[in-house]
Amino acid sequence: VKLIDIGSFVNTTRSDGKIQLVANKTMLGVDYRDIELKGDEFTFKLTGDGIDGAIEVKNDKDGNINFGEFTYDKEGTYTYKISEVMDQKYSNIYYDRSVYTATVKVTAPNDLTDSGSFETEVTYKKNGISYEGTPEFINKERKAAKLELQGLKTLNGMSAGKDEFSFVMVDLDQYGNEIEETARNVKNDENGLINFGTLVFDNIEFNPKERLLGKVY
């Protein structure tokens, strides 16, 4: 019996497929111009296959949102949800309520040009509709709220004389204590009108000690 050498067969273990799941954050002012981010202002979460609970990350100063690298050692389809956390940390910002679905398809090609690893491909949907490109969350600054605060001084049904009386309005903190540096002193006009002017509420970072309640004497 003559043995014929037909060569050898070598099986190679595939290396894991890898993919980076990322998103972008943009902040717009009331005039729709970009507002520079400082980093760590907003929180985003990713849930889905193989994740216990949720992965939460914050944006950097360039608006990058990085959920990290995911690895796959078998074929299949993996689905994830990406959204912004509605923590209402900022009182005058419209949060982006979009929900992105990331679908990762993992395949194991068998052709000779195979790189030796599982191949990955990701596609996105935004609120259930096909989406091209990197998921983006856009927050917009609210217009400042304004309040014209006025009163009327009368004496037994008659108007008071101009500058006859003085009035003060002062803000209270969350415990009901007066914040002295916020005091506004005015006098009535010739018609008894008391005008404290226009109050503007434009704080991006909401401070519960600011303008929760005013007190007028």
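Calculation rules
Residues numbered from 1 in each chain as written. Predicted model: local features only at pLDDT ≥ 70, side-chain atom pairs only at ≥ 80, totals over all residues. Heavy atoms only, no water. Helix = DSSP H or I, 4+ residues; strand = E, 2+ residues; numbered from the N terminus. Buried < 20%, exposed > 50% of the residue type's maximum accessible area, 1.4 Å probe, protein only. Contact = heavy atoms within 4.5 Å. Areas by Shrake-Rupley, 256 points an atom, 1.4 Å probe, with all protein chains shown as cover. Pairing = 2+ DSSP bridges. pLDDT = per-residue confidence, 0-100. Salt bridge = Lys/Arg side-chain N within 4 Å of Asp/Glu carboxyl O. Core = buried A, V, L, I, M, F, W, Y, C linked by side-chain atoms within 4.5 Å.

Undergrad: Would you take a moment to explain the overall build of the chain for this structure?
TA: Broken down by element type, the chain carries zero helices and 17 strands. With 217 residues in all, the chain has 31% of them scored as buried. Look at the contacts in the chain between residues 6 or more apart in sequence, and 65% of them connect residues 24 or more apart. For the chain, the computed accessible surface area is about 14,600 Å², with 48% contributed by carbon and sulfur atoms.

Undergrad: I would appreciate a short explanation of the pairing of strand S8 (residues 119-126) in the present structure.
TA: Consecutive residues of a regular strand have side chains that alternate between opposite faces of the sheet. Looking at chain direction, strand S7 (residues 99-107) and S8 are connected through eight bridges and run antiparallel. Note on S8: the bridge partner recorded for Val106 is Thr120. Looking at chain direction, S8 and strand S9 (residues 129-131) are connected through three bridges and run antiparallel. What sits directly across from Lys125, in S9, is Ser130. Linking S8 to S9, which pair antiparallel, is a turn of two residues; within it Asn127 sits at a positive phi near 50 degrees.

Undergrad: Looking at this structure, I do not really get the confidence of the model for the chain. What am I missing?
TA: Interpreting fine coordinate detail is not advised for predicted regions of low pLDDT. Chain-level pLDDT for the chain is 82 on average; 83% of the residues reach the 70-or-more range. Predicted confidence for residues 204-217 stays below pLDDT 50, and this span has 38 contacts to residues more than four positions away or in other chains.

Undergrad: Can you help me understand the environment of Asp34 in this one?
TA: The residue Asp34 is located in the loop between strand S1 (17-28) and strand S2 (43-48) in this model. Here the alpha-carbon distance between Asp34 and Lys140, two residues 106 residues apart in the chain, equals 9.3 Å. Leave out the neighbours within four places in its chain, and Asp34 touches Thr26, Met27 and Leu28.

Undergrad: How do you make sense of the pattern of salt bridges when you look at a structure like this?
TA: Note on pairing: side chains with opposite charge can pair once their charged atoms come close. As enumerated under the stated definition, the model contains two salt bridges in all. A salt bridge links Lys25 to Glu84, with the nearest nitrogen and oxygen atoms 3.3 Å apart. Taken together, the residues span a long stretch of sequence, with Lys25 in strand S1 and Glu84 in strand S5 (residues 76-84) at a distance of 59 residues. Judged by relative accessible area, which is 4%, Lys25 ranks as buried. A relative accessible area of 5% places Glu84 in the buried class. One salt bridge in this structure joins Lys61 and Asp62, with 3.7 Å as the shortest N-O distance. Each member of the pair Lys61 and Asp62 is classed as exposed.

Undergrad: What's the story with the sheet that holds strand S6 (residues 93-94) in this structure? I'm lost.
TA: The strands making up a sheet associate through backbone hydrogen bonding, with each pair oriented either parallel or antiparallel. In space, the four strands of this open sheet follow the order S4-S1-S10-S6, with mixed pairing throughout. Only two strands of the sheet have a single neighbouring strand rather than two, namely strand S4 (64-72) and S6. Judged from the seven bridges that link them, S1 and S4 form a sheet pairing that is antiparallel. Opposite Asn24, over in S4, you have Asn64 as the bridge partner.

Undergrad: What am I meant to see in unusual backbone geometry here?
TA: Working note: non-glycine residues mostly have negative phi, and peptide bonds are mostly trans. Of note, Asp40 is a non-glycine position whose phi angle comes to about 70 degrees, a positive value. Of note, Asp40 is situated in the loop between S1 and S2. The backbone phi angle of Asn127 is positive, close to 50 degrees, even though this residue is not glycine. Given the relative accessible area of 48%, Asn127 is considered partly exposed.

Undergrad: Sorry if this is basic, but what is going on with the nonpolar core here?
TA: Side chains of nonpolar character tend, in soluble globular proteins, to be buried together. Residues Leu21, Phe42, Leu46, Phe67, Phe70, Tyr72 and Tyr80 are the most contacted members of the largest nonpolar core, which totals 28 residues. Only S1, S2, S4, S5 and S7 provide two or more residues apiece to this core. Once residues within four sequence positions are removed from consideration, Tyr80 is found in contact with Leu21, Leu46, Thr47, Gly48, Asp49, Ile51, Phe70, Tyr72, Tyr100, Thr101, Ala102 and Val104.

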